[in-house]
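One-letter residues, chain by chain:
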Amino acid sequence: MEVAERRILVVEDERTIADAVAARLRAEGFLVQVAGDGPGAVAAARRTPPDAIVLDIMLPGFDGLEVCRRIQAERPVPVLMLTARDDETDLLVGLAVGADDYMVKPFSMRELAARVHALLRRSARATPAPSAPPTLRFGDLEINQAERRVLRAGVEAHLTPTEFDLLVHLATNPRTVLPRERLLADVWGWADASGTRTVDSHIKGLRRKLGSDLIRTVHGVGYALEVEK
């Protein structure tokens, strides 16, 4: 699919920000639709399914978290959340309801456009390569790549698409410490290291769902999947 055919839904109640984001994304070749409140966003996504969503957390009607829940329940779609607060609780909740990434206001329009492009690239390669093993097993951890399902001790963990991709990347390099910058490049498709907190937030999400013993932190470097030898 060509970039010009990709549809982006921008959900932002501050008109000046919405107009600026929409103008930048249109300049990048995207088809852009704008919604200014929660109900309008859900209706717009149903009417014309977008390929990605740029979604503010604070909205009239109901907030961006509820928008994300409702849209993701009907059809998974990459979501970049915008927040005015660098609050870790808000960010973790946003990731838990299906957001793939977040940016804190004020932000650079250039970086926002780069992150949207990265989200779409990742979405396009979500299908595992033919050479990838269908299932990865480490102790009581089972990762079914074909079905994108994860079980720990026989209990299914419901991961977001980004959490799943991150876990698979760690699992294909077991016991290897992967720097945050490499994870950003390989999982998120970013060429710079400006979003290392994004990695940290997704790791916290994985630990919350799979247990704190599974992923080891190497302070100042990155993370490794701890598996039985």
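Now for a description of the structure that goes with this document. Because the structure is a prediction, the values reported are computed rather than measured.

**Some thoughts on the overall build of the protein**
And then number 1: When its secondary structure is counted, the protein shows eight helices and twelve strands.
And then number 2: Considering only contacts in the protein between residues 6 or more positions apart, those separated by 24 or more positions represent 59%.
And then number 3: A total of about 10,800 Å² of accessible surface is found on the protein, and carbon and sulfur atoms cover 51% of it.

**Considering the pattern of salt bridges**
And then number 1: Tallying each qualifying case throughout the model produces 20 salt bridges.
And then number 2: Among the salt bridges present, the one from Arg148 reaches Asp165, with a minimum N-O distance of 3.0 Å. Taken together, the positions of Arg148 in the loop between strand S7 (141–144) and strand S8 (149–152) and Asp165 in helix H6 (residues 161–171) put the pair 17 residues apart, joining distant regions of the chain.
And then number 3: Overall, Arg148 belongs to the partly exposed group, its relative accessible area being 29%.
And then number 4: A salt bridge links Glu163 to Lys209; the nearest nitrogen and oxygen atoms lie 2.7 Å apart.

**Here's the deal with the packing of helix H2 (residues 38–47) against helix H3 (residues 64–74)**
And then number 1: Running from N to C, H2 and H3 cross one another at 15°; their axes reach a closest spacing of 9 Å. The orientation of H2 relative to H3 falls into the category roughly parallel. The way H2 lies across H3 gives a crossing that is right-handed. Together, Gly38, Ala41, Val42, Ala45 and Arg46 of H2 and Val67, Arg70, Ile71 and Glu74 of H3 make up the contact between the two elements.
And then number 2: By residue class, the composition of the contact of H2 with H3 is five nonpolar, one polar and three charged.

**So, the sheet that holds strand S2 (residues 31–35)**
And then number 1: Spatial ordering of the open sheet is given by S2-S1-S3-S4-S5, a layout of five strands whose pairing is parallel. Each edge of the open sheet carries a strand with a single partner, namely S2 and strand S5 (101–104). Strand after strand, the sheet turns through a mean of 20° between neighbouring axes, direction not considered.
And then number 2: Here strand S1 (residues 7–11) runs beside S2; their pairing, made up of five bridges, is parallel. Counted as the bridge partner of Arg7 is Leu31 from S2.

**Structural notes on the packing of aromatic side chains**
And then number 1: Evaluation of the coordinates by the stated rule reveals zero aromatic pairs.
And then number 2: One cation-aromatic arrangement involves Arg70 over Phe62; the distance from NZ or CZ to the ring centre is 4.1 Å.

**What about helix H1 (residues 15–27)?**
And then number 1: Here H1 contains 13 residues, and its C-alpha end-to-end distance of 18 Å stays within 8% of the 18 Å for a straight helix at 1.5 Å per residue.
And then number 2: Listed in full, the buried residues belonging to H1 are Ile17, Ala18, Val21, Ala22 and Leu25. Across the axial projection of H1, the buried residues extend over an arc of 125°, all falling on one side. Facing away from the buried surface of H1 by more than 90 degrees, the exposed residues are Arg15, Thr16 and Ala27.
And then number 3: One or two positions beyond H1, positive phi appears at Gly29, with a value near 100°.

**A word on the sheet that holds strand S10 (residues 178–179)**
And then number 1: What the three strands build is an open sheet, ordered S10-S12-S11; its pairing is antiparallel. Each edge of the open sheet carries a strand with a single partner, namely S10 and strand S11 (215–218).
And then number 2: As paired strands, S10 and strand S12 (residues 222–225) are joined by two bridges and run antiparallel to one another. Residue pairing for S12: Leu178 is matched across the bridge by Tyr223.
And then number 3: Along the sheet, H6 makes contact with S10, S11 and S12, crossing S12 at roughly 75°.

**Considering the environment of Ala146**
And then number 1: In this fold, Ala146 is placed in the loop between S7 and S8.
And then number 2: With twelve residues separating them in the primary sequence, Ala146 and Pro134 have C-alpha atoms 5.6 Å apart.

Cut-offs applied
Residues numbered from 1 in each chain as written. Predicted model: local features only at pLDDT ≥ 70, side-chain atom pairs only at ≥ 80, totals over all residues. Heavy atoms only, no water. Helix = DSSP H or I, 4+ residues; strand = E, 2+ residues; numbered from the N terminus. Contact = heavy atoms within 4.5 Å. Areas by Shrake-Rupley, 256 points an atom, 1.4 Å probe, with all protein chains shown as cover. Salt bridge = Lys/Arg side-chain N within 4 Å of Asp/Glu carboxyl O. Buried < 20%, exposed > 50% of the residue type's maximum accessible area, 1.4 Å probe, protein only. Axes fitted to C-alpha atoms, helices over the stretch in contact; angles between N-to-C directions. Parallel < 35°, antiparallel > 145°, perpendicular 65-115°, else oblique. Left-handed = near helix turned anticlockwise from the far one by under 90°. Nonpolar A, V, L, I, M, F, W, Y, C, P; charged D, E, K, R; others polar. Pairing = 2+ DSSP bridges. Phe/Tyr/Trp six-rings, centres within 6.5 Å; stacked < 30°, edge-to-face > 60°. Lys NZ or Arg CZ within 6 Å of the ring centre and 35° of its normal. Expected span 1.5 Å × (residues − 1). Arc of directions from axis to C-beta.

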